[in-house]
Amino acid sequence: MSQFTVNTKVLQSVVNKAIKGASNSKFSAITSLMNVIVSGGRINVTTTDCNNYLTISDSIIGGDDCDFTVSVDLFSKIVLKTSVDNIKINVSDDEISFHGNGTYKIPIQLDVDGSPIKYPKHEINNADYTGTIKTSVIKNIIFHNKPSLAVTMEAPYLTGYLCNVHNVISADTFNICSNEVSTFSNNLLVPPIVFELLSMSSEEDIEYKVLDKTVIFATKDMKLYSVMQDGIEDYPVDQISAICESKYSSNCVLPKTALLNIIERLSIFISDNDQNGLYFTFTDKGVTIESMNGNGVETLPYQGSENFQNYSCCIGVESLKKQVSAHLGESIKMYYGNEKMIMIRDENVTQIVSLLDDPRTVSE
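Summary of the structure given here.

Rules behind the numbers
All chains use their own residue numbering, which begins from 1 and follows the written sequence. Since the coordinates come from a predicted model, pLDDT governs what is reported: local features require at least 70, and pairs of side-chain atoms require 80 or more to be given and counted, while whole-chain, interface and lining totals use all residues. Computation of side-chain values covers all heavy atoms of the structure but excludes hydrogens and water. Under the DSSP-based scheme used, a helix requires at least four consecutive residues in state H or I and a strand at least two consecutive residues in state E, with every element numbered from the N terminus. When a residue's accessible area, from a 1.4 Å probe over protein chains only, is under 20% of the maximum for its type it is buried; when over 50% it is exposed; and in between it is partly exposed. Residue contacts follow a heavy-atom distance rule, with two residues in contact if any of their heavy atoms lie within 4.5 Å. Positive residues here are Lys and Arg, negative ones are Asp and Glu, while His and the chain termini are left out of the count. Think of each charge as sitting on NZ of Lys, CZ of Arg, CG of Asp or CD of Glu. A pair of strands is labelled paired if DSSP reports no fewer than 2 bridges between them. With axes taken as lines fitted to C-alpha atoms, and helix axes fitted only over the stretch in contact, angles between N-to-C directions fall between 0 and 180 degrees. For cavity detection a 1 Å grid was placed over the protein atoms alone, and a set of points counts as a cavity when a 1.4 Å probe fits there but cannot get out; an open set counts as a pocket when protein lies on both sides within 12 Å along at least five of seven lines, with lining residues being those that have an atom within 4 Å of a point. Grid points are joined across faces, edges and corners, and a volume is the space filled by probe spheres set on the points. For this classification, the nonpolar set comprises Ala, Val, Leu, Ile, Met, Phe, Trp, Tyr, Cys and Pro, the charged set comprises Asp, Glu, Lys and Arg, and every other residue, Gly included, is treated as polar. Note on terminology: angles under 35 degrees are roughly parallel, angles over 145 are roughly antiparallel, angles of 65 to 115 are roughly perpendicular, and the others are oblique. By definition, turning the near helix anticlockwise from the far helix through less than a right angle yields a left-handed crossing, and turning it clockwise yields a right-handed one. Throughout, the arc means the angular range of directions from the helix axis out to the C-beta atoms. Polar contacts, as counted here, are pairs of nitrogen or oxygen atoms within 3.5 Å of one another; within protein the pair requires one atom able to donate a hydrogen and one able to accept it, and residues that are adjacent in sequence qualify only if both atoms are side-chain atoms. Criterion for a salt bridge: a side-chain nitrogen of Lys or Arg within 4 Å of a carboxyl oxygen of Asp or Glu. Side-chain rings of Phe, Tyr and Trp (the six-membered ring for Trp) are treated as a pair once their centres are within 6.5 Å; stacked means planes under 30 degrees apart, edge-to-face means over 60, and tilted covers the remaining angles. Only when the NZ of Lys or the CZ of Arg is both within 6 Å of the ring centre and within 35 degrees of the ring normal is a charge said to sit over the ring.

1. Quick notes on the overall build of the protein
Thought 1: When you go through the protein residue by residue, the secondary structure sums to eight helices and 26 strands.
Thought 2: Principal-axis analysis of the C-alpha atoms gives the protein an extent of 80 × 45 × 35 Å.
Thought 3: Looking at the protein as a whole, 49% of its 364 residues qualify as buried.
Thought 4: Put simply, of all contacts in the protein between residues at least 6 apart along the chain, 65% involve residues at least 24 apart.
Thought 5: Of note, the protein has its 28 positive side-chain charges centred 6 Å away from the centre of its 44 negative side-chain charges.

2. Let's talk about the sheet that holds strand 8 (residues 95–99)
Thought 1: Spatial ordering of the open sheet is given by 5-1-7-8-9, a layout of five strands whose pairing is antiparallel. At either margin of the open sheet sits one strand with a lone partner, and together these are strand 5 (62–63) and strand 9 (103–107).
Thought 2: Most of the contacts of helix 1 (residues 8–18) go to strand 1 (residues 2–7), to which it runs at about 90°, and overall it touches strand 1 and strand 7 (86–91).

3. Here's the deal with the side chain of Thr-82
Thought 1: One can find Thr-82 in the loop between helix 2 (72–80) and strand 7.
Thought 2: Taking relative accessible area as the criterion, Thr-82 reaches 6% and is therefore assigned buried.
Thought 3: Discounting chain neighbours no more than four positions away, the residues touching Thr-82 are Thr-8, Gln-12, Ile-87, Phe-98, Gly-100 and Asn-101.

4. Focus: the layout of surface pockets
Thought 1: There is about 330 Å³ of room inside the largest pocket.
Thought 2: Every element with two or more residues in the lining of the largest pocket is listed here: strand 2 (33–39), strand 3 (42–48), strand 4 (52–59) and strand 17 (222–227).
Thought 3: For the lining of the largest pocket, a count of residues per class yields seven nonpolar, seven polar and four charged.
Thought 4: If you add up the space inside the second largest pocket, you get close to 280 Å³.
Thought 5: As for the second largest pocket, its lining consists of 15 residues, and the residues nearest its centre are Asp-172, Thr-173, Ile-176, Gln-239 and Ile-243.
Thought 6: Sort the elements by how many residues they give to the lining of the second largest pocket and helix 5 (residues 237–244) lands first, with three residues.

5. Digging into the packing of helix 6 (residues 256–267) against helix 7 (residues 317–325)
Thought 1: The geometry of helix 6 relative to helix 7 is characterised by a closest axis approach of 10 Å and an angle of 155° between their N-to-C directions. With respect to their mutual orientation, helix 6 and helix 7 come out roughly antiparallel. In terms of crossing hand, the pair formed by helix 6 and helix 7 is left-handed. Touching Lys-256, Leu-259, Leu-260, Ile-263, Glu-264 and Ser-267 of helix 6 are Val-317, Leu-320, Lys-321, Val-324 and Ser-325, all from helix 7.
Thought 2: Looking at side-chain class alone, the contact of helix 6 with helix 7 contains six nonpolar, two polar and three charged residues.

6. Quick word on helix 1
The α-helix advances 3.6 residues per turn, and as a result positions three or four apart in sequence lie on the same side.
Thought 1: When helix 1 is considered as a whole, its buried residues turn out to be Thr-8, Leu-11, Gln-12, Val-14, Val-15 and Ala-18. Seen from one end, helix 1 has its buried residues packed into an arc of 165°, which puts them on one side.
Thought 2: Against strand 1, strand 2, strand 3, strand 4, helix 2 and strand 7 lie the buried residues of helix 1.
Thought 3: At the N-terminal end of helix 1, a side-chain oxygen is found 3.0 Å from the backbone nitrogen of Lys-9, two or three residues along, and the residue is Asn-7.

7. Considering the pattern of salt bridges
Thought 1: Throughout the structure, instances matching the rule amount to 16 salt bridges.
Thought 2: A salt bridge links Glu-180 to Arg-345, with the shortest nitrogen-to-oxygen separation between them at 3.3 Å. In this pair, Glu-180 sits in the loop between strand 13 (175–179) and strand 14 (188–190) while Arg-345 sits in strand 25 (residues 341–345), placing the two residues 165 residues apart along the sequence.
Thought 3: Three or more residues are tied together by salt bridges with common partners; here these are Arg-42, Lys-220 and Asp-221.

8. Some words on the packing of aromatic side chains
Thought 1: Following the criterion strictly, the structure yields 14 aromatic pairs and no others.
Thought 2: Here Phe-75 and Phe-98 contribute two aromatic rings whose centre-to-centre distance is 6.2 Å and whose plane-to-plane angle is 85°, an arrangement assigned as edge-to-face. Highlighted residues: Phe-75 in helix 2 and Phe-98 in strand 8, separated in sequence by 23 residues.
Thought 3: The class of Phe-75 is buried, set by a relative accessible area of 1%.
Thought 4: A ring pair is formed by Tyr-311 and Tyr-336, whose centres lie 5.8 Å apart and whose planes are at 35°; its orientation type is tilted. On the criterion of sequence distance, the pair formed by Tyr-311 in strand 23 (residues 311–316) and Tyr-336 in strand 24 (residues 331–336) is long-range, its members being 25 residues apart.
Thought 5: On the basis of relative accessible area, Tyr-311 is assigned to the buried category, the value being 15%.
Thought 6: Here a set of aromatic residues connected by ring pairs shows up, and it is made of Phe-68, Phe-75, Phe-98 and Tyr-104.
Thought 7: Here Arg-360 stacks its cationic end above the ring of Tyr-279, 3.6 Å away from the centre of that ring.

9. Let's talk about the pairing of strand 13
Thought 1: Within strand 13, five of the five residues are buried, which leaves the element mostly enclosed by the surrounding structure.
Thought 2: Across the two faces of strand 13 the burial is the same, with Asn-175, Cys-177 and Asn-179 and Ile-176 and Ser-178 all buried.
Thought 3: Bridge count for strand 12 (residues 168–171) against strand 13 is four bridges, and the pairing is antiparallel. Bridge assignment links Ala-171 to a residue of strand 13, and that residue is Ile-176.
Thought 4: Taking the residues between adjacent antiparallel strands as the criterion, strand 12 and strand 13 are bridged by three residues.
Thought 5: With five bridges joining them, strand 13 and strand 26 (residues 349–356) adopt antiparallel strand pairing. Looking at the pairing, Asn-175 lines up with Val-353 of strand 26.

Shown next, in the form of structure tokens:
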């Protein structure tokens, strides 16, 4: 029998991060399990969704080396509800004895042959290339690009972040985001969960090794083995780049919070029979925003305007709200005059919102 002692807050922090990597799929038992390895004075906790293996580690107070696998649900719940300063765990062949506020027996998960489950060891020894990605860049990508990711599987490659050498692109059927940040040395199609997990890193620099479509990310306290998405060759990069470079006759500057508030208020007047959109009419004084049934209308004055031209269009509520919310500044620079889309642009980020068919034009 082996045993070890760990500070409760340390273990809670490790477990709270590690559970994010467990998908708890009913089709794969390992996704509901948590592997715990104590070695060299550190505890390493690993979870998986079968495509990604996340390991979170930290120091223990002391004890023996050991290796066991337990239920994510059971182990995490008792760890997170423990209130004493330290936790002591004794490990036998088929169970652990968890000493916290009380003493609790948790079964060790065994393989079909009765032996303890062993997680695969992932290493990349002969990488195609290596590098460093910043945690702040990952959080920037999530903030700006995530609202433009496809969430349905008609074109599976659109559900991932296309990380080119000089920018990151995300796109669905209505929205595009091109974010001029540096990530990897070569192009990769990154599953969203990968950046979500990496964003938990407490360190700014995350080292990576790439071999074909597999990547290992590592810091002192985190390791993530991931398989990148298929379909990078199908991603319509040239088409998206051309859209982002499209010309617009005019632009204006609008207050972000006031615009979002107007969208929220006017959304109340969208009935079930209406298209989920709002009319935008750009006037010389400001933009007039109106519900499609005419029951709500507001005018938002410009903070600035260039090359004003009268222009009217219909914009989808959800698409616009997502893109405006994913803008950092309090002022939105909106480009208009294109018959198919509007653009929101700041120094490094281009956001495209496709226009809806305008019933007023059709009826004419």
